Amino acid sequence: MDYALVITATVLLAIDFSISKKYQSVVGTSPAVGLIFNMANGLLTAIIFWAIGGFKLTFSPFSAILASGMALCGLLYSLLGFRILKTGNMSLYSLFLMSGGMLVPYIYGLWRWDEEPGPWRILGVICILTAVALSNRAKSQVSAKLLSLCAAIFLLNGMVSILSKCHQIEKVYPTVESAGFVMYSGIARAIFSAAALPFFKREKTAEGGKFWSFSLLLAAGSAVIGGVSYLFQLIGAETLPATVLYPIVTGGSILFSTFAGKLFFKEKISTTQWISVGLCFVGTCLFL
């Protein structure tokens, strides 16, 4: 059951990536519009998961701190991602974001949580990383500045994964339920985004009522789909070790994002990309 939830989460994550890409193509990639998206997304996520949790307002200082840290890391990598996407290199962004979300908690799990890697899981990681490298081997040379931004989102998304896993396995301090944790994370993201928005200048565009209604609709869709995906990951994190959970999320999201790009955006997939998708699938299966 936990495996089914995590695999479903990866499908939803690919759909959420598609919604974010559509938002960026409609609204732009400036920090201001990124903050507006995160503010709306965080607020709607909080409302949705407050309802899912039965409109309860349980509180835990430990959960609130971890949710705030996770929201801050997520907001930062989202804003840095908007900067990276100015170059139009979606593959580079996905490479560092998803591999960081897998590799950092994988190593941390071996070090701090005494998790056993196993030869098949190590081979699975190699397959997934090779697949990601193959899908990006034809890209142009990356500048030092852009590479530093990519390294930052690698570490930030890794920290998001570690914090969420730490919350789900905590046995000493009292914690809220998974829905409540997602709610607090959404509230924190909305607050951080609103606090940062006055410091960024919005670009002047021919914006109208329909424009912002469509933007809000995209943010709402991302909040629902991304929130449910993350909730499923949190539930899976309660029983699945990090050495299993995050490689599945990484490999699955790359696999389903490829199909989503072809389905929703008519993206052309080269032979090399199909090979990388196949390697992702094999690498993911090695963890099951």
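Parameters and conventions
- Residues numbered from 1 in each chain as written.
- Predicted model: local features only at pLDDT ≥ 70, side-chain atom pairs only at ≥ 80, totals over all residues.
- Heavy atoms only, no water.
- Helix = DSSP H or I, 4+ residues; strand = E, 2+ residues; numbered from the N terminus.
- Buried < 20%, exposed > 50% of the residue type's maximum accessible area, 1.4 Å probe, protein only.
- Contact = heavy atoms within 4.5 Å.
- Areas by Shrake-Rupley, 256 points an atom, 1.4 Å probe, with all protein chains shown as cover.
- Polar contact = N/O pair within 3.5 Å; in protein donor to acceptor, adjacent residues only side chain to side chain.
- Core = buried A, V, L, I, M, F, W, Y, C linked by side-chain atoms within 4.5 Å.
- Expected span 1.5 Å × (residues − 1).
- Axes fitted to C-alpha atoms, helices over the stretch in contact; angles between N-to-C directions.
- Parallel < 35°, antiparallel > 145°, perpendicular 65-115°, else oblique.
- Left-handed = near helix turned anticlockwise from the far one by under 90°.
- Nonpolar A, V, L, I, M, F, W, Y, C, P; charged D, E, K, R; others polar.
- Patch = residues over 30% accessible without salt bridge, like charges linked within 9 Å, V, L, I, M, F, W, Y side chains within 5 Å.
- Salt bridge = Lys/Arg side-chain N within 4 Å of Asp/Glu carboxyl O.
- Phe/Tyr/Trp six-rings, centres within 6.5 Å; stacked < 30°, edge-to-face > 60°.

Helix and strand counts for the protein stand at 10 helices and 0 strands. Counting the 288 residues in the protein, one finds 50% classified as buried. Considering only intrachain contacts with a sequence separation of at least 6, the fraction spanning at least 24 residues in the protein is 89%. Of the roughly 13900 Å² of accessible surface on the protein, 69% is carried by carbon and sulfur atoms.

Now for the side chain of Ser-222. Mapped onto the secondary structure, Ser-222 falls in helix H8 (residues 209-237). Within polar-contact distance, the side chain of Ser-222 engages the side chain of Asp-16 at 2.6 Å. Contact partners of Ser-222, with chain neighbours within four places excluded, come to Asp-16, Ile-19, Ser-20, Phe-37, Asn-41 and Gly-227.

Right, let's get into the nonpolar core. In a soluble, globular protein the nonpolar side chains are often hidden away together inside. In this structure, Phe-181 and Leu-245 are the most contacted members of the largest nonpolar core, which totals 46 residues. Per-element tally for this core: the top contributor is helix H6 (residues 144-169), with 10 residues. Setting aside chain neighbours within four positions, we find Phe-181 in contact with Ser-63, Leu-66, Ala-67, Met-70, Ser-164, His-167, Gln-168, Val-176, Tyr-230 and Leu-234. Grouped together as the second largest cluster of nonpolar side chains are 10 residues, Ile-19, Val-33, Ala-40 and Leu-218 included.

On to helix H7 (residues 178-196), then. Between its terminal C-alpha atoms H7 stretches 27 Å, which fits the 27 Å expected from 19 residues at 1.5 Å a residue. With 14 of 19 residues buried, H7 lies mostly within the body of the structure.

It is worth spelling out unusual backbone geometry at this point. The backbone phi angle of Phe-55 is positive, close to 60°, even though this residue is not glycine. As for its placement among the helices and strands, Phe-55 is situated in the loop between helix H2 (31-52) and helix H3 (61-84). On the accessibility criterion, Phe-55 (52% relative accessible area) is exposed.

Tracing the backbone shows Ser-78 in helix H3. Judged by relative accessible area, which is 10%, Ser-78 ranks as buried. Within polar-contact distance, the side chain of Ser-78 engages the side chain of Asn-38 at 3.0 Å.

For the rest of this paragraph, the subject is the packing of H3 against H7. Running from N to C, H3 and H7 point in directions that differ by 50°, and their axes come no closer than 8 Å. For the element pair H3 / H7, the angle class is oblique. Where H3 crosses over H7, the handedness of that crossing is right-handed. Of H7, the residues touching H3 (which contributes Ser-63, Leu-66, Ala-67, Ser-68, Met-70, Ala-71, Leu-72, Gly-74 and Leu-75) are Phe-181, Tyr-184, Ser-185, Ala-188, Arg-189, Phe-192 and Ser-193. A breakdown of the residues in the contact of H3 with H7 according to their chemical character gives 10 nonpolar, 5 polar and 1 charged.

Here the focus is a nonpolar patch on the surface. Nonpolar side chains collect at one region of the surface, where Trp-120, Ile-122, Leu-123 and Ile-126 lie side by side and expose about 410 Å² of accessible area between them. Tracing the sequence through the fold places Ile-122 in helix H5 (residues 119-135). Assessed through its relative accessible area of 41%, Ile-122 is described here as partly exposed.

In this section: the packing of aromatic side chains. Inspection of the entire model under this criterion finds 3 aromatic pairs. Relative to Phe-55, the ring of Trp-50 has its centre 5.0 Å away and its plane inclined at 85°; by these criteria the two rings are edge-to-face. For Trp-50, a relative accessible area of 32% puts it in the partly exposed group. Each ring, one from Phe-59 and one from Tyr-184, has its centre 6.0 Å from the other, and the planes form 80°; the classification is edge-to-face.

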